[in-house]
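Close look at the chain arrangement
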There are 4 protein chains.
Amino acid sequence: MPDDNVPGRARVVDTPELAAYYGALAQHEAGALWTVANDIEPWEPKPHAIPMLWRYEVLRPLVLQSLELVRPEDAGRRVVMLLNPRRRNVSAAVGWLYSGLQVMKPGEAASAHRHMASALRFIIEGSGAYTIVDGERLTLGANDFVITPNGTWHEHGNDGGTSPCIWQDGLDIPLINALEANFYEVHPDLHQRVGRPINASHLSYGNVALKPLEPDWRKPYSPLLKFGWDNTYDALRRHAAATTGSPFDGVAMEYVNPLTGGPVMPTLGAQMQLLRAGEHTCAHRHTGNVLYHVAKGAGHSVIGGQRFDWKEHDIFCVPSWTWHEHANALSSDDACLFSFNDFPVMRSLALYREEAYMPNDGHQIS
Amino acid sequence: MPDDNVPGRARVVDTPELAAYYGALAQHEAGALWTVANDIEPWEPKPHAIPMLWRYEVLRPLVLQSLELVRPEDAGRRVVMLLNPRRRNVSAAVGWLYSGLQVMKPGEAASAHRHMASALRFIIEGSGAYTIVDGERLTLGANDFVITPNGTWHEHGNDGGTSPCIWQDGLDIPLINALEANFYEVHPDLHQRVGRPINASHLSYGNVALKPLEPDWRKPYSPLLKFGWDNTYDALRRHAAATTGSPFDGVAMEYVNPLTGGPVMPTLGAQMQLLRAGEHTCAHRHTGNVLYHVAKGAGHSVIGGQRFDWKEHDIFCVPSWTWHEHANALSSDDACLFSFNDFPVMRSLALYREEAYMPNDGHQIS
Amino acid sequence: MPDDNVPGRARVVDTPELAAYYGALAQHEAGALWTVANDIEPWEPKPHAIPMLWRYEVLRPLVLQSLELVRPEDAGRRVVMLLNPRRRNVSAAVGWLYSGLQVMKPGEAASAHRHMASALRFIIEGSGAYTIVDGERLTLGANDFVITPNGTWHEHGNDGGTSPCIWQDGLDIPLINALEANFYEVHPDLHQRVGRPINASHLSYGNVALKPLEPDWRKPYSPLLKFGWDNTYDALRRHAAATTGSPFDGVAMEYVNPLTGGPVMPTLGAQMQLLRAGEHTCAHRHTGNVLYHVAKGAGHSVIGGQRFDWKEHDIFCVPSWTWHEHANALSSDDACLFSFNDFPVMRSLALYREEAYMPNDGHQIS
Amino acid sequence: MPDDNVPGRARVVDTPELAAYYGALAQHEAGALWTVANDIEPWEPKPHAIPMLWRYEVLRPLVLQSLELVRPEDAGRRVVMLLNPRRRNVSAAVGWLYSGLQVMKPGEAASAHRHMASALRFIIEGSGAYTIVDGERLTLGANDFVITPNGTWHEHGNDGGTSPCIWQDGLDIPLINALEANFYEVHPDLHQRVGRPINASHLSYGNVALKPLEPDWRKPYSPLLKFGWDNTYDALRRHAAATTGSPFDGVAMEYVNPLTGGPVMPTLGAQMQLLRAGEHTCAHRHTGNVLYHVAKGAGHSVIGGQRFDWKEHDIFCVPSWTWHEHANALSSDDACLFSFNDFPVMRSLALYREEAYMPNDGHQIS
């Protein structure tokens with residue numbers, strides 16, 4: 001990175017006169033740009049968060065412990081948040097992305113609410129999980145991905161067998177708060193009436209390249225709410241048969257709004273990527289923050305020069321403009337990484353940029 | 001419809017002076033608008049074509065007969081065209097839509113070409129049919145739907161067992177000729193090299209709500225070229241479980257470009273609709289022309305007040321702005337109608353309009 | 001252009017068996033594709049129309065003569081149509097574009113109507129012309145361009161001084177009829193009530209890069225209805241100071257919908273181009289049809305190898321895929337060509353293509 | 001606003017067991033959602049900034065004082081920033097919007113740079129100001145508005161007469177930093193070569209509803225860079241003759257990209273609104289932050305229940321979701337408010353919402 005002691009950067013030396021001047025400015029809710037210019041105009045993005053990995057084997061007992069400590073009717077939701085050490089102040093795991101692990105006992109049902117923030121869930125374990133979104137009940141199993149978009153009434157429950165359900169929540173709450181646009185409502189009846197067939201959106205919109213003639217969907221998010229694991233894994237393997245994949249991401253697919261081909265929600269994107277047996281990708285970096293969830297297999301990622309070993313259900317983050325590469329540890333089976341990100345924000349605001357890592361054949365030294 | 005003898009319509013009475021005037025105008029490549037105004041500004045659309053049904057049992061022997069009469073290398077393609085009596089001059093089955101039944105012996109392969117016109121195929125019988133589009137080989141079976149979009153190199157063949165393959169072609173050739181924009185090229189090598197995995201687009205783009213991260217598709221048509229019957233029928237039945245359907249079309253779905261949710265090609269749309277056991281839809285009419293192919297079952301349609309009974313592989317047309325309704329003859333099984341249309345043209349040019357038939361509880365007297 | 005006697009084209013030789021076969025096909029409303037294939041799949045577009053020029057000095061007396069021959073209440077509108085010799089059957093001047101010269105005596109007012117066709121006017125002479133579109137009255141002067149979009153109630157009148165007004169009408173009536181989508185209504189009160197300020201759309205939308213906050217315009221055409229000559233000529237001269245212009249069109253600008261930057265109507269585009277003193281452009285050709293009106297100056301165009309000399313208010317056409325180039329006859333002043341076209345249709349349907357003329361330094365031999 | 005002590009909100013009572021649990025979570029970079037849930041999911045947006053007004057008569061002497069205190073080659077730019085007391089930490093005037101007053105002596109010229117942040121300027125006083133954007137020199141006068149979009153090389157200077165130039169800068173630097181997407185480069189030659197005619201974009205794109213045929217503009221911001229005051233004021237008065245205006249904003253127009261009708265830059269919008277003589281608007285609130293600059297006249301605004309009196313060149317802010325209304329103090333002349341905002345961000349991310357103030361006939365008590 002260039003030095004700041006060059007023409008075009010601020011290089012003013014402090015003097016008593018300037019100190020007095022700064023005091024006068026401060027009295028009038030003003031300041032001198034050159035005192036902060038180099039800080040607020042960095043040569044390249046300075047992510048707030050640090051690379052992190054949360055081990056599921058560590059978090060799981062803590063998550064289950066909450067079952068005994070708080071009741072849903074008091075806690076609202078029983079969630080262990082993932083907190084990046086540099087983002088604790090905004091309750092974020094990375095960038096402006098919130099995430100947590102939620103748990104529900106069999107028979108429990110949370111009350112319905114809605115908010116301007118967008119939300120998604122990735123199911124980890126337990127059977128019987130369901131979500132109701134705008135009157136449609138969605139049944140969920142392991143590695144299923146479901147969205148509860150901005151403004152939709154939604155509620156979660158577990159009416160399955162004998163074990164608790166655990167899933168990962170992902171939301172843009174920190175971003176929406178930062179943008180001062182969050183609204184929250186509790187459903188007047190606390191619970192919705194289910195007014196459509198179970199998995200109705202999945203039946204109508206979860207088909208290959210076919211859309212219902214009616215009705216005309218005008219909302220700014222996907223009408224398809226649930227993206228099942230079987231379909232997703234099958235799609236990755238099919239696509240793998242037709243592509244060499246990306247040097248940086250392996251065989252990667254984006255979950256999309258089937259009516260637009262765009263992201264599933266206006267502020268949150270989601271992907272699933274498959275690393276072939278033995279695959280080790282090259283490093284690159286981009287604007288935008290990503291939170292990964294290991295859906296299948298084991299391996300490691302090098303993020304900002306630091307190695308993180310991962311296995312199923314571990315969660316790790318890649319902050320904005322940070323070099324990263326992924327490796328599948330197995331030579332005999334593929335590995336799958338689910339991830340969600342703020343790329344739709346980056347793209348809508350013309351802020352997306354990416355760069356390949358060139359030294360050392362594209363691999364960081366870790 | 002209103003009378004033309006009203007203020008605002010042309011009602012000029014012929015006189016000798018006018019006759020002389022018209023002669024003078026004609027000498028200068030001009031004319032008097034009022035002599036044609038009421039004709040060229042009709043109160044409502046006047047379709048050129050008439051409602052028609054072509055029986056497969058009648059056409060099939062004629063199609064097979066061509067196998068003995070012409071060789072592909074002389075005919076280009078062995079196709080029996082469907083000709084609407086009022087559209088023979090433009091080789092159209094209805095509106096500006098061309099259609100025909102093409103046949104290929106086992107072992108035959110047509111040469112590759114491309115054109116500005118858009119094309120689609122709906123497979124009727126025989127195994128072993130394939131199409132190669134821009135270097136990708138697509139394998140085809142009964143009731144599969146495949147597109148060969150505007151500008152793509154394409155060629156067809158039959159390398160299957162012992163019987164000929166028959167399929168329906170649909171093209172916008174008459175429209176593109178009318179718009180004076182047709183181009184045609186024979187492939188310099190007569191045949192393409194297959195440069196991608198078989199069914200590659202199906203592997204990469206034929207998935208539910210997942211798109212490849214790379215590459216960025218910028219062409220004005222669907223990257224998915226083949227839409228299989230199994231998937232399509234399954235989708236209709238799934239959607240049927242979640243919807244009451246349209247009063248006019250039953251359970252109807254549009255084949256779409258999975259990256260846009262829009263029509264598969266810029267000038268041709270395609271749909272598949274399911275009529276439930278015993279279902280008889282209400283009549284409506286709309287601008288735009290439709291050619292139907294009975295994919296499954298038997299029943300009848302009333303089109304412009306005329307009844308047409310149909311069974312599997314029969315083809316019938318609905319001209320623009322003509323009342324139509326459909327009935328499934330079976331009380332125990334569903335019926336499926338494939339159709340293609342020029343709705344994308346109507347919609348792109350802001351010309352689409354529709355109207356429900358109100359008398360007699362929505363049913364025409366036939 | 002290639003020969004048709006090549007593999008990939010139809011080359012079937014007639015035989016008695018085939019003649020019998022063709023007869024059998026005809027009985028069942030069918031035909032053999034190979035009998036027409038080379039005709040309906042030409043190597044490149046075959047325009048129906050021929051290049052033409054209509055001299056204003058010839059047409060003007062004929063137009064004025066109609067004032068004595070017919071009354072507006074009988075004729076609807078007093079219009080001398082321009083008829084291309086090859087397009088008389090569809091009342092078109094070129095392609096599917098209709099045009100005519102309309103005349104009104106001082107004090108006359110035509111009744112209001114609306115239609116699915118899109119219309120435009122280019123004012124030639126006389127003061128006092130006005131158009132009322134959806135309740136807004138627009139005042140018009142020489143070389144002003146005004147649109148009366150698809151579906152809008154509109155009516156024309158002349159309440160000026162002592163001389164008749166003459167203007168050129170341009171419509172897509174032939175296209176909308178061909179697409180079987182035309183509707184026509186006479187206003188129930190024969191005349192609209194003017195419910196908005198005079199030139200209201202011009203006041204609100206006729207500003208540089210500023211749009212009203214309210215209301216939200218959702219119609220498929222420009223909210224700005226009138227494009228004045230002074231502004232247009234000024235814009236051309238300003239743009240001329242910043243660009244070398246196009247080698248084919250000189251300094252050319254498109255009239256646009258100020259809310260989208262797209263064409264003023266979904267089926268008709270319009271342009272004004274300035275040829276600098278002495279400028280002679282290079283030839284090119286493109287799909288799409290154009291009708292030119294000489295707004296200022298004198299010169300000639302070479303169209304399909306034929307030279308047409310023009311001066312103010314002459315009208316000439318360039319059929320689809322026909323080479324054309326323009327030359328300003330004056331060495332001391334610019335010339336301006338107004339034109340309207342069907343490019344929006346070509347672009348919406350992905351049919352636009354263009355090509356530069358390479359021989360002879362880009363100039364045809366005429 | 002509802003109480004938090006209701007079902008659906010977090011209401012967990014602290015216990016020693018929970019305190020231990022929270023400690024365990026913290027050790028693993030985790031936390032319990034219910035400890036922060038009500039804070040991060042507010043019932044409605046909680047803006048960070050407070051309503052503020054900066055008086056030009058107070059700031060101007062401070063701005064001029066900087067001329068003696070720092071040299072441009074040391075300061076980069078001589079700018080007095082406006083700092084909202086609650087947004088000092090991000091150098092913002094309101095929300096994530098930065099603003100400052102920049103001053104240049106005659107003959108001074110700052111060096112060229114570019115950044116991912118988007119910038120705009122509103123000229124206050126002095127003649128001779130210019131900006132060079134991507135090789136195009138723009139001349140500027142009082143109340144002219146100019147953009148230097150994301151990624152463009154730009155530099156400012158004053159080559160006019162005898163007095164300093166002062167203008168207001170507006171940037172989204174705080175937002176782009178928050179989104180961790182800022183890049184900054186100093187021009188390798190420190191100054192650009194002017195490679196296009198002066199005000200070239202104004203000549204080519206600053207016309208009413210006419211766009212150049214060439215070239216095809218694909219960048220995510222307006223090709224028109226300068227929006228002159230004369231045109232703008234004229235547009236407001238013309239629009240005022242055709243509209244009653246908005247009850248909340250008077251006669252308000254948005255500066256737009258003339259090729260899309262959308263905002264001038266992807267993250268920053270700008271408006272000019274005219275308050276008629278004596279007009280006092282009704283209050284409303286919306287998501288999104290606004291910084292106003294009084295371009296003409298005098299009056300007051302009530303913002304969040306607090307009255308702010310303003311006159312020419314005063315600057316004031318309206319934070320997100322804060323009630324506001326405006327009043328023109330003069331009964332004989334109009335007043336004009338320039339403003340810029342983050343509405344494009346709100347709209348791109350589907351976060352825009354607004355509400356009218358209903359009590360007291362729409363007027364706050366201040």
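Along each chain, numbering runs from 1 in the same order as the chain's sequence is written. Chains and ligands are labelled by the order in which they are written, letters from A for the one and numbers from 1 for the other. Where local features are concerned, this predicted model is filtered to residues with pLDDT of at least 70; where side-chain atom pairs are given and counted, the filter is 80 or more; whole-chain, interface and lining totals use all residues. Hydrogens and waters are ignored; side-chain quantities use all the structure's heavy atoms.

For the rest of this paragraph, the subject is the layout of surface pockets. Using protein atoms alone on a 1 Å grid, points that fit a 1.4 Å probe yet trap it form a cavity, whereas open point sets bounded by protein on both sides within 12 Å along at least five of seven lines form a pocket; residues with an atom within 4 Å of a point count as lining. Grid points are joined across faces, edges and corners, and a volume is the space filled by probe spheres set on the points. When its volume is computed, the second largest pocket comes out at roughly 1100 Å³. In this structure, the second largest pocket is lined by 46 residues; those nearest its centre are A:Lys211, A:Leu213, A:Asp216, B:Glu254 and B:Arg347. Each helix corresponds to a stretch of at least 4 residues labelled H or I by DSSP, and each strand to a stretch of at least 2 residues labelled E; elements are numbered beginning at the N terminus. Among the secondary structure elements, those contributing two or more residues to the lining of the second largest pocket are strand E13 (210-212) of chain A together with strand E16 (269-275), strand E17 (284-286), strand E18 (290-296), strand E23 (335-341) and helix H8 (343-348) of chain B. No other element matches the 5 residues that H8(B) contributes to the lining of the second largest pocket. Under the scheme applied, nonpolar residues are Ala, Val, Leu, Ile, Met, Phe, Trp, Tyr, Cys and Pro; charged residues are Asp, Glu, Lys and Arg; polar residues are all the others, including Gly. Class assignment for the residues of the lining of the second largest pocket results in 22 nonpolar, 15 polar and 9 charged.

Take the pattern of salt bridges next. Residues and elements named next belong to chain C. Any Lys or Arg side-chain nitrogen found within 4 Å of a carboxyl oxygen on Asp or Glu counts as a salt bridge. With the rule as written, the count across this model stands at 72 salt bridges over all chains. Between Arg 137 and Asp 159 there is a salt bridge; the shortest N-O distance is 2.3 Å. Of the two residues, Arg 137 sits in strand E8 (residues 136-139) while Asp 159 sits in the loop between strand E10 (154-158) and strand E11 (165-171), which places them 22 residues apart along the sequence. As a salt-bridge pair, Arg 218 and Asp 216 come within 2.9 Å of each other at their nearest N and O atoms. In terms of burial, Arg 218 and Asp 216 fall into one category: exposed. Remark: exposure states derive from per-residue accessible area (1.4 Å probe, protein chains only) relative to the maximum for the residue type, with buried under 20%, exposed over 50%, and partly exposed in between.

All names here are of chain B. Counting buried residues along strand E6 (residues 119-125), 6 of its 7 residues qualify, which places the element largely inside the surrounding structure. In terms of strand pairing, E6 meets strand E9 (residues 145-148) through 4 bridges, oriented antiparallel. Among the inter-strand pairings, Leu 120 is bridged to a residue of E9, identified as Ile 147. One requirement defines pairing of two strands: DSSP has to find at least two bridges between them. Judged from the 6 bridges that link them, E6 and strand E11 (residues 165-171) form a sheet pairing that is antiparallel. Bridge pairing in E11 links Glu 125 to Ile 166.

Okay, the UniProt feature "domain: Cupin type-2" (unreviewed entry) in chain A next. Residue and element names in this part refer to chain A. UniProt positions are given in the numbering used here, feature names are shortened, and annotations may be inferred rather than shown by experiment. Per the UniProt record, "domain: Cupin type-2" (unreviewed entry) is annotated on residues 101-167 and 274-330. Taken end to end, residues 101-167 has its terminal C-alpha atoms 6 Å apart, with 0% of it in helix and 52% in strand. Structurally, residues 274-330 comprises 0% helix and 54% strand, and the distance from its first C-alpha atom to its last is 12 Å.

Quick look at unusual backbone geometry now. Positive phi, normally seen in glycine, also occurs at C:His313, with a value near 75°. With respect to the helices, strands and loops of the structure, C:His313 is situated in the loop between strand E20 (306-310) and strand E21 (315-318). According to the relative accessible area criterion, C:His313 is buried, its value standing at 12%. Phi angles above zero are rare outside glycine, and D:Asn143 is one such case at about 70°. Locating D:Asn143 in the fold gives a position in the loop between strand E8 (136-139) and strand E9 (145-148). A relative accessible area of 6% means that D:Asn143 is categorised as buried.

We now examine the side chain of C:Asp334. Residue and element names in this part refer to chain C. Turning to its location among the elements, Asp 334 is positioned in the loop between strand E22 (324-328) and strand E23 (335-341). Owing to a relative accessible area of 10%, Asp 334 belongs among the buried residues under this scheme. Within 3.5 Å is the distance limit for a polar contact, defined as a pair of N or O atoms, with the added protein rule that one can donate a hydrogen and the other accept it, and that residues adjacent in sequence qualify only through two side-chain atoms. Side chain to side chain, Asp 334 and Tyr 233 meet in a polar contact 3.0 Å long. Only 2.5 Å separates the side chain of Asp 334 from the side chain of Lys 296, close enough to count as a polar contact. Whether two residues touch is decided by their heavy atoms; if any such pair falls within 4.5 Å, the residues are in contact. Asp 334 has contacts with Tyr 233, Arg 237, Leu 274, Leu 275, Arg 276, Ala 277, Lys 296 and Asn 328, leaving out every residue within four places of it along the chain.

Quick look at the interface of chain C and chain B now. The partner chain B presents 89 residues to the 89 residues of chain C that form the contact. The term buried area denotes the loss of accessible surface (1.4 Å probe radius) that occurs when two parts are joined, taken as the sum for both partners. Across the chain C to chain B interface the summed buried area is about 7800 Å²; carbon plus sulfur atoms make up 64%. Between B:Glu29 and C:Arg88 there is a salt bridge; the shortest N-O distance is 3.8 Å. At the boundary of chain C with chain B, the tally comes to 33 residue pairs in polar contact (both at pLDDT 80 or more). The element that contributes the greatest number of residues to the side of chain C that touches chain B is helix H3 (residues 56-69) of chain C, accounting for 7 residues. Here the side of chain C that touches chain B is built from residues that sort into 55 nonpolar, 19 polar and 15 charged. Taken together, the 3 bridges between strand E1 (residues 30-32) of chain B and strand E3 (residues 79-82) of chain C define a ladder with antiparallel strand orientation. When the bridges of E3(C) are listed, B:Ala30 appears paired with C:Leu82.

Each turn of an α-helix holds 3.6 residues, which means side chains three or four residues apart point in the same direction. Residue and element names in this part refer to chain C. Under the 1.5 Å per step criterion, the end-to-end length of helix H1 (residues 16-27) is 17 Å for 12 residues, consistent within 8% with the ideal 16 Å. Within H1, burial applies to Leu 18, Tyr 21 and Leu 25. Burial along H1 is one-sided: seen end-on, the buried residues are contained in an arc of 60°. The exposed residues of H1 that point more than 90 degrees off its buried face are Pro 16, Ala 20 and Gln 27. Every helix has an expected span of 1.5 Å times one less than the residues it contains. It is the directions from the helix axis to the C-beta atoms that the arc portrays.

Turning our eyes to something else, we now look at the relation of the copies chain C and chain B. Structural alignment of chain C on chain B gives an RMSD of 0.0 Å, achieved by rotating through 180° and translating 0.0 Å along the axis. Such a combination of rotation and displacement between the chain copies is what one expects of a two-fold axis. Closest to the rotation axis within chain C is the C-alpha of C:Ser348, separated from it by 3.1 Å. Interface residue correspondence from chain C to chain B reaches 100%, placing this contact among same-surface, isologous pairings. The least-squares superposition of copies is restricted to C-alpha atoms, and to residues with a pLDDT of at least 70 in both copies.

Nothing in chain A touches chain C, and the closest approach of their C-alpha atoms is 14 Å. Chain B makes no contact with chain D; the smallest distance between any of their C-alpha atoms is 14 Å.

What follows covers the sheet that holds strand E14 (residues 226-227) of chain B. Sheet architecture is open: 7 strands sit in the order E14(B)-E9(B)-E6(B)-E11(B)-E4(B)-E3(B)-E1(C), paired in antiparallel fashion. One side of each edge strand has no neighbouring strand; the edge strands of this open sheet are E14 of chain B together with strand E1 (30-32) of chain C. Those strands touched by helix H3 (residues 56-69) of chain B are strand E3 (79-82), strand E4 (98-104), E6 and E11 of chain B together with E1 of chain C, and its axis lies near 55° from that of E4(B). Axis angles are defined between N-to-C directions and span 0 to 180 degrees, where every axis is a line fitted to C-alpha atoms and, for a helix, only to the segment in contact. Running over the sheet, H1(C) touches E3 of chain B together with E1 of chain C and is turned about 150° from E1(C).

The next subject is the relation of the copies chain B and chain A. Superposition of chain B onto chain A requires a rotation of 180° combined with a translation of 0.0 Å along the rotation axis, giving an RMSD of 0.0 Å. Comparing interface residues between copies, 97% of those in chain B also sit at the interface in chain A, which points to an isologous, same-surface contact.

Listed by partner, the interface residues are 34 residues for chain B and 34 residues for chain A. Both faces combined, the contact of chain B with chain A buries some 3300 Å², and carbon together with sulfur accounts for 62% of it. Interface area lost by chain B to chain A is led by B:Leu210, B:Leu213 and B:Arg238, which between them contribute 21%. Run the count over chain B and chain A and you get 0 salt bridges. On the surface where chain B and chain A come into contact, there are 16 residue pairs in polar contact (both at pLDDT 80 or more).

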